[in-house]
2 protein chains.
Amino acid sequence: MATAATPPPTTAASELNIDIPTNQPLFTRIRLAANPDVPVIHKMIYQMAAFDQRLADQCSATLFSKDNPFESFTVFLIEVSTKPFPSPSTTHHPKFTPIHKTLNVHPPVSDPELETFKSSTMEDEVFVAGFVLFFPNYTMSVAKPGFYIQDLFLRESYRRMGLGKMLLAAVARQAVAMGYGRVEWVVLDWNTNAIKFYEEMGAYVVKEWMVYRLIGDGLQAYAATNDLEKE
Amino acid sequence: MATAATPPPTTAASELNIDIPTNQPLFTRIRLAANPDVPVIHKMIYQMAAFDQRLADQCSATLFSKDNPFESFTVFLIEVSTKPFPSPSTTHHPKFTPIHKTLNVHPPVSDPELETFKSSTMEDEVFVAGFVLFFPNYTMSVAKPGFYIQDLFLRESYRRMGLGKMLLAAVARQAVAMGYGRVEWVVLDWNTNAIKFYEEMGAYVVKEWMVYRLIGDGLQAYAATNDLEKE
């Protein structure tokens, strides 16, 4: 999966800031993203190393099936607040109940981009910290579908406090809840920290597999190949 | 992608056979699979090395969205006949026009399992030779979806005559027709023939990527992890 890289230095040093010392609880929530979240997701994608300019205009047009969130690509957002989240949640979806967790021990948090990442839910003092993007995958040789995790991202201020684990576990839990058989993702082979983490959580590398890709001109050319000349 | 392994020896030596010498045309067609094709697809899956018994009962229940074939998992069947296919095709789907090709030069074909693989279309003398299974995949860092090819299979009698290329090209063509940006699949790193073929077609290996997987007990355990204890 694409994971966090160091974001470009922010120029908004004069913006609102949040500073949460370790002895103050940090309230977190994982919920389904919906179309009003697209602008904030875009901003996080800008912070990912792999960002591709062509994305910006197109992804908003294709986002989020409200009725069937897990049948196509799906985003879980993880949000944080210094105040407890309202209960029952205003962001409940019939197919996914938001997950709440209170972090009582965590590194000190300093977030200079707070206002930029306000939650679209309009709840007071709720801010988006990261997301995970996944979608179902299928094989005829295994009975059950699985989820494939494409992207996992946490904003710089919210790393190394377990939020990535929470997002992964939320996808695993959703897979189990739906009777799905597996969760898969891709990792860069030099990313030893990530590999250690994945193996500790019980995942294993699918040995001998190489991912092949056909894009751009190669794709166009192959789509037009004589291998498919019509009668 | 899962590819063909040597199938178990057939015990149906007395069944109908087809013998097509190289100087007789072999008519081929690629069409969308639909629910009546499930039994034949099951039989091909039995012939794949990776077959898992648990599949048999479950996959028929979840197969094939008739209205939106390319939004979830999709199967193209490749069929063969010694007679021209009827035109216009009886198997036309609004989102995919079957692809026809006549092979005038091909190895001699001898198919001892002909009756077992009759097409569900009830057309005379039309037989299923193989399939490709694929589904859309997504990333937030690229504007367009792609297709991921999970399984490609040709029955033993129909290999080494270009039908695999036809199936791959059909997926590439569909991706381009839908404005999608890429086609991806996985290959075993020791499968040098396949790798050579993929590189000749313009695909490249996504270096440094390792596929991680969480299944079974590991998945259950992680889904129940304290990392997600609720408030």
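Residues numbered from 1 in each chain as written. Chains lettered and ligands numbered in written order. Predicted model: local features only at pLDDT ≥ 70, side-chain atom pairs only at ≥ 80, totals over all residues. Heavy atoms only, no water.

Draft legend 1. Local environment of the overall build of chain A. What chain A contains, in helices and strands, is 5 helices and 10 strands. In chain A, buried positions account for 56% of the 231 residues. Across chain A, contacts joining residues at least 24 apart in sequence account for 79% of those joining residues at least 6 apart. A total of about 10,300 Å² of accessible surface is found on chain A, and carbon and sulfur atoms cover 53% of it. (Helix = DSSP H or I, 4+ residues; strand = E, 2+ residues; numbered from the N terminus. Buried < 20%, exposed > 50% of the residue type's maximum accessible area, 1.4 Å probe, protein only. Contact = heavy atoms within 4.5 Å. Areas by Shrake-Rupley, 256 points an atom, 1.4 Å probe, with all protein chains shown as cover.)

Draft legend 2. Examining the packing of aromatic side chains more closely. Tallying each qualifying case throughout the model produces 28 aromatic pairs over all chains. Taking the centre distance of 5.6 Å and the plane angle of 55° together, the rings of Y198 of chain A and Y212 of chain B count as tilted. Of the two residues, Y198 of chain A sits in helix α4 (residues 192-200) while Y212 of chain B sits in strand β10 (residues 209-215), which places them in two different chains. Accessibility expressed as a relative area gives 3% for Y198 of chain A, which makes it buried. Classification of Y212 of chain B as buried rests on a relative accessible area of 0%. Grouped by ring-pair contacts, the aromatic residues F70, F76, F96, F134, F147 and Y180 of chain A constitute a single cluster. (Phe/Tyr/Trp six-rings, centres within 6.5 Å; stacked < 30°, edge-to-face > 60°.)

Draft legend 3. Inspection of the sheet that holds strand β4 (residues 99-103) of chain B at higher detail. A sheet is described by the order of its strands in space; here 8 strands give the open sequence β4(B)-β2(B)-β3(B)-β6(B)-β7(B)-β8(B)-β10(A)-β9(B), paired in mixed fashion. Where the open sheet ends on each side, the last strands, each with one partner, are β4 and β9 (204-205) of chain B. The sheet contact formed by strand β6 (residues 127-137) of chain B and strand β7 (residues 146-154) of chain B spans 8 bridges and is antiparallel. The residue of β7 of chain B that forms the bridge with N137 of chain B is G146 of chain B. Packing against the sheet, helix α5 (residues 216-223) of chain A makes contact with β10 (209-215) of chain A together with β8 (182-188) of chain B, and its axis sits at approximately 80° to β10 of chain A. (Pairing = 2+ DSSP bridges. Axes fitted to C-alpha atoms, helices over the stretch in contact; angles between N-to-C directions.)

Draft legend 4. Region of interest: the sheet that holds β10 of chain B. The 8 strands lie next to each other as β4(A)-β2(A)-β3(A)-β6(A)-β7(A)-β8(A)-β10(B)-β9(A), forming an open sheet whose pairing is mixed. Each edge of the open sheet carries a strand with a single partner, namely β4 (99-103) and β9 (204-205) of chain A. Inspection of the sheet shows strand β2 (residues 26-32) of chain A paired to β4 of chain A by 5 bridges, in the antiparallel sense. The residue bridging R29 of chain A from the neighbouring strand is H100 of chain A, located in β4 of chain A. Of the strands in this sheet, β2, β3 (74-81), β4, β6 (127-137), β7 (146-154) and β8 (182-188) of chain A are in contact with helix α3 (residues 163-177) of chain A, which crosses β7 of chain A at around 160°.

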